[in-house]
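Breakdown of the fold
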Amino acid sequence: MSATPASPASSDSPDSSGAFVPGPGGSVVVFLEPDAGPAGTAAGSGSGVRLRVADPRLPALLVTDQGATRGDGVFETMSAVASAGGPAGVVHGAAAEGLTSHRVRKEASHLARLASSAEALEIPLPPTDAWRRAAAAGLAAFARGMPGADAVVKLVATRGPEGAPGGGHYVRGAADVGSDGELAETTAPGPQVPAQLTGTYWVLVSPVSEGMAAARERGLKVLLLDRGFDSGASERAPWLLMGTKSLSYAVNMAALRFASSQGADDVIFTSSDGKVLEGPTSTVLMARRVPQADGTHGVELVTPLRSSGILAGTSQGTIFAAAAQAGWALGYGPLEPADLFDADAVWLVSSVRLVAPVTHLDGEELPQDADLTEQLNAFLAEDLAPGDHGPNGAG
Ligand code: PLP
């Protein structure tokens with residue numbers, strides 16, 4: 001294998017300020033780096049974090065970075081919808097006037113979940129505002145290269161290189177997050193850098209893969225697979241980091257490959273005591289149509305019990321918030337596979353693939369309800385704050 005870095009494609013071109021702009025189908029990365037200089041001097045400074053827009057195909061990560069060597073880090077994947085008629089590539093400073101190139105769906109929920117994942121792993125994070133500005137800067141560069149295209153925005157924070165000052169893998173108490181999962185932000189004037197910003201931080205903005213829409217249209221053949229833990233493991237053994245969006249997704253990817261080898265598209269994990277958990281990259285939802293006294297049908301929407309060690313989905317939280325407003329009954333498991341087979345419809349939901357119907361479970365055809373699928377996608381598009389139904393809610 002060649003060690004030569006990929007050179008930028010000829011279609012990539014820097015803008016007038018010399019900043020990287022991706023060519024069609026390309027991606028752009030924005031690094032968040034501690035900025036020791038005075039606030040306001042470098043691009044994106046003012047919160048003590050400097051933003052650096054770069055070509056993601058060029059080498060950037062140290063081989064000792066614990067995100068790479070141990071999967072020791074956290075991430076989020078957000079969906080960004082191109083603003084209709086909005087000026088492409090307007091810089092983040094225009095965000096206050098709504099002049100951004102994209103609208104990031106559920107950004108506050110994703111940032112809150114990034115903070116709670118980082119808190120669980122004790123990884124210090126740049127302030128929320130720096131992440132928002134990094135995403136906006138990446139989207140602006142993306143929009144200059146691909147005006148009008150929707151994007152996937154991935155936020156990554158790793159523990160940083162082994163042996164770096166404060167970056168040892170057993171360092172405790174460095175995370176700049178509050179106990180409620182909110183990112184701590186100091187109001188002191190001047191650079192506001194968390195005490196020890198020892199990790200590696202970046203935002204990657206990429207095009208949406210066409211396979212996502214296809215999966216949504218076609219529906220999913222899903223296998224039930226045992227995750228190997230009982231539904232109490234998460235509470236008994238918090239070091240398993242269940243329900244945390246850590247970078248350690250090799251097991252999830254292996255489950256997807258196994259499903260693929262069996263002719264299936266996706267997976268629903270079950271606990272060793274037979275409870276329905278989640279997909280490797282999605283939340284499970286199911287609906288029952290419930291007869292009402294007046295002869296009509298209401299809908300009951302149910303998702304598995306969160307305390308069973310699953311990730312609290314931002315899509316599920318937003319859908320539940322809109323469904324509650326529409327008067328639907330909502331429930332949080334516990335669910336067993338028999339509940340899924342008896343449901344009127346089952347879906348896997350996530351931020352980029354959105355609401356995808358499950359057509360088959362372990363080879364058995366499930367009922368479909370196109371109206372409900374459309375309704376759930378409409379709920380998701382409302383983009384309501386999830387409140388109690390979201391990642392940091394009580395549900
Ligand atoms: N569960 C797991 C394990 C995930 O990885 C994801 C998203 O990637 C989800 C659920 C869905 O979360 P969200 O709706 O916030 O994208």
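Residues numbered from 1 in each chain as written. Predicted model: local features only at pLDDT ≥ 70, side-chain atom pairs only at ≥ 80, totals over all residues. Heavy atoms only, no water.

Examining the overall build of the chain
Convention followed: Under the scheme used here, helices are H or I runs from DSSP no shorter than 4 residues and strands are E runs no shorter than 2 residues, and both carry numbers assigned from the N terminus. Only heavy atoms matter for contacts: two residues are in contact if any of them lie within 4.5 Å across the pair. Each accessible area is a Shrake-Rupley estimate made with a 1.4 Å probe; only the visible protein chains count as cover when residues are assessed.
Regarding its fold elements, the chain presents nine helices and 14 strands. Contacts in the chain between residues far apart in sequence, at least 24 positions, make up 75% of those at least 6 positions apart. Total accessible area on the chain is roughly 17,300 Å²; 54% of this is exposed by carbon and sulfur atoms.

Some details on the packing of aromatic side chains
Heads up, the rule is: Working definition: rings of Phe, Tyr and Trp (its six-membered ring) pair if their centres are within 6.5 Å, and the pair is stacked with planes under 30 degrees apart, edge-to-face with planes over 60 apart, and tilted otherwise. Residue burial is assigned from relative accessible area. The probe radius is 1.4 Å, only protein chains are included, and a residue is buried under 20% of its type maximum, exposed over 50%, and partly exposed in between. Charge over a ring is defined by NZ of Lys or CZ of Arg lying within 6 Å of the ring centre and within 35 degrees of the ring normal.
Taken as a whole, this structure holds four aromatic pairs when the rule is applied. Each ring, one from Phe75 and one from Tyr249, has its centre 5.0 Å from the other, and the planes form 80°; the classification is edge-to-face. Remark: Tyr249 occurs in the loop between α5 (233–236) and α6 (250–261) and Phe75 occurs in strand β3 (residues 73–82); sequence separation between them is 174 residues. Tyr249 shares its class with Phe75; the two are buried. On the basis of an interplanar angle of 70° and a centroid distance of 4.9 Å, the ring pair of Trp328 and Phe379 is categorised as edge-to-face. Of the two residues, Trp328 sits in the loop between α7 (314–325) and β11 (329–332) while Phe379 sits in helix α9 (residues 370–382), which places them 51 residues apart along the sequence. Assigned by exposure class, Trp328 and Phe379 land together as buried. The positively charged end of Lys154 is found above the aromatic ring belonging to Phe75, 4.9 Å away from the centroid.

As for the side chain of Ser271
On the secondary structure map, Ser271 appears in the loop between β8 (266–270) and β9 (283–291). Filtering out sequence-adjacent residues up to four positions away, Ser271 remains in contact with Asp226, Phe229, Asp230, Ser231 and Leu277.

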